2 protein chains.
Amino acid sequence: MMPEALSRLVAEFRKLPAVGLKTASRYAYSVLEMSEADAADFANAITEARRKIHICKLCGDYTENEICERCQTADKSTILVVGEPKDIRAIEKLGTYNGLYHALHGLLDFRKGVGADNIRIKELLERLYGVKEVILATNPDISGEMTANYIAGLLKPLGVKVTRLAHGIPMGSEIEYADEMTLERALDDRKEL
Amino acid sequence: MMPEALSRLVAEFRKLPAVGLKTASRYAYSVLEMSEADAADFANAITEARRKIHICKLCGDYTENEICERCQTADKSTILVVGEPKDIRAIEKLGTYNGLYHALHGLLDFRKGVGADNIRIKELLERLYGVKEVILATNPDISGEMTANYIAGLLKPLGVKVTRLAHGIPMGSEIEYADEMTLERALDDRKEL
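Residues numbered from 1 in each chain as written. Chains lettered and ligands numbered in written order. Predicted model: local features only at pLDDT ≥ 70, side-chain atom pairs only at ≥ 80, totals over all residues. Heavy atoms only, no water.

Caption draft 1: Just the packing of helix α3 (residues 36-52) of chain A against helix α3 (residues 36-52) of chain B, in detail. One way to put it is that α3(A) packs onto α3(B) with a least axis distance of 9 Å and a crossing angle of 175°. Between α3(A) and α3(B), the angle is such that the two are roughly antiparallel. Every residue of α3(B) that contacts α3(A) at A:E36, A:A39, A:A40, A:F42, A:A43, A:I46, A:T47, A:R50 and A:R51 is listed here: B:E36, B:A39, B:A40, B:F42, B:A43, B:I46, B:T47, B:R50 and B:R51. The class makeup of the residues in the contact of α3(A) with α3(B) is 10 nonpolar, 2 polar and 6 charged. (Axes fitted to C-alpha atoms, helices over the stretch in contact; angles between N-to-C directions. Helix = DSSP H or I, 4+ residues; strand = E, 2+ residues; numbered from the N terminus. Parallel < 35°, antiparallel > 145°, perpendicular 65-115°, else oblique. Contact = heavy atoms within 4.5 Å. Nonpolar A, V, L, I, M, F, W, Y, C, P; charged D, E, K, R; others polar.)

Caption draft 2: The packing of aromatic side chains, seen in detail. In the structure shown here, the tally under the stated rule is 11 aromatic pairs over all chains. Here the aromatic rings of A:Y29 and B:Y62 are separated by 5.8 Å at their centres, their planes lie at 35°, and the arrangement is tilted. One end of the pair, A:Y29, is in helix α2 (residues 21-32); the other, B:Y62, is in strand β2 (residues 62-63), on a second chain. Judged by its relative accessible area of 6%, B:Y62 falls in the buried class. Note on A:F42 and B:F13: the rings are 5.4 Å apart at their centroids and 85° apart in plane angle, and the pair reads as edge-to-face. Of this pair, A:F42 sits in helix α3 while B:F13 sits in helix α1 (residues 4-13), each in a different chain. Grouped by ring-pair contacts, the aromatic residues A:F13, A:Y27, A:F42, B:F13, B:Y27 and B:F42 constitute a single cluster. (Phe/Tyr/Trp six-rings, centres within 6.5 Å; stacked < 30°, edge-to-face > 60°. Buried < 20%, exposed > 50% of the residue type's maximum accessible area, 1.4 Å probe, protein only.)

Caption draft 3: Quick look at a negative patch on the surface. On the surface, A:D179, A:E180, A:E184 and A:D188 cluster together into a patch of negative charge. With respect to the helices, strands and loops of the structure, A:E184 is situated in helix α8 (residues 180-188). (Patch = residues over 30% accessible without salt bridge, like charges linked within 9 Å, V, L, I, M, F, W, Y side chains within 5 Å. Areas by Shrake-Rupley, 256 points an atom, 1.4 Å probe, with all protein chains shown as cover. Salt bridge = Lys/Arg side-chain N within 4 Å of Asp/Glu carboxyl O. Lys, Arg positive; Asp, Glu negative; His and termini not counted. Charge placed at Lys NZ, Arg CZ, Asp CG, Glu CD.)

Caption draft 4: Local environment of the pairing of strand β3 (residues 75-82) of chain A. Residue and element names in this part refer to chain A. Within β3, 6 of the 8 residues are buried, leaving the element largely enclosed by the surrounding structure. Crossover β3 to strand β4 (residues 99-103) through helix α5 (residues 85-94) is right-handed. In this sheet, strand β5 (residues 133-136) lies alongside β3 in parallel orientation, the contact comprising 4 bridges. The residue of β5 that forms the bridge with V81 is L136. (Right-handed = clockwise from strand over helix to strand, strands pointing away. Pairing = 2+ DSSP bridges.)

Caption draft 5: Spotlight on α3(A). Helix length check: α3(A), at 17 residues, gives a terminal C-alpha distance of 24 Å against a target of 24 Å (1.5 Å per residue), a fit within 8%. For α3(A), the set of buried residues is A:A39, A:F42, A:A43, A:A45, A:I46, A:E48, A:A49 and A:R50. Check the buried side of α3(A) and you find it contacts α1 (4-13) and α2 of chain A together with α1, α2 (21-32) and α3 of chain B. (Expected span 1.5 Å × (residues − 1).)

Caption draft 6: Main features of the interface of chain A and chain B. Each side of the interface is counted separately: chain A has 50 residues, and chain B has 50 residues. The junction of chain A with chain B conceals about 4,900 Å² of combined surface from both sides, 67% of it contributed by carbon and sulfur atoms. Counting the contacts that link chain A with chain B gives 0 salt bridges. Counting across the interface, chain A meets chain B through 13 residue pairs in polar contact (both at pLDDT 80 or more). (Buried area = accessible area lost by both parts, 1.4 Å probe. Polar contact = N/O pair within 3.5 Å; in protein donor to acceptor, adjacent residues only side chain to side chain.)

The quantities given are spatial measurements derived from coordinates; they are silent on function.
Printed below as a string of structure tokens:
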């Protein structure tokens, strides 16, 4: 006999990624224990984020402006291409890359009917003026590899240098526990010292 | 360079129990991918739950009414006492108990300054008319045991039968891996077959 407003809140929390019934209930109860002002702030942050934030016309990253700050200030000779805006954050955190980004908002997946027209590939091609290198940093899985190869095939004839993030044994891990695909890739891509 | 509205949303999600930066970011990004209507529903569920739901005057469970439905319809000869309303859900799920509940909204903890006046013990005493048994189902930890013993001490002189949930080896587990306290309790409380 859970109050209806509580069941509804649990159902909403379950829509978040990887949140099951138990976690959703825990979150819902924690909302009931908040002050009314805190709950209002939380609700407000959700609507405001969804309302204010949209996709930068150029790079596809999330921004509150039409063109994001990075697209205006970054070194424009390099574009690093990722699947989703959240992948940009991971590279940004390194603090070593100062070029442009491009979020495709998806990866090619023919089984799911996601083709080249469904992701931001055309938008990437429109940004190539003055660009010397495009770094493909899509995930190292089937869709990510396919997308990287597809884009490389489009860009190379245009005379742009196309690179891909290196794959191999993760730092700090043990060769013994590396999966076969990673190990094979690490061997193929071995570097002379 | 995360948009301000996005950082704010991440900060709000971090206030949920056991949610760190990574999980909060994941939740925030998923909000950006919702439709505006879905995000509004989510926000609305938070404010509505917080606004509509309060504590039942009698049992302390969450309800949208002044007195919850269970307090009106349940068998009034038994009260099962728990620490928090969410503990009620666990017993309710069994579907075998049809008496009243009483949520204390806290457990005695003298180190944290939580005394008998800070939890709903007085409210429990006011509900004893017609009650034959009080089942103490506070958690089997120091605070829970202390609270159960304290309440038992108040109720027994009043001639009410006071019971405590049985402790022992959890079903489906192995004796080998039971912790010492549990094993000791299981031995002390052994039952004749």
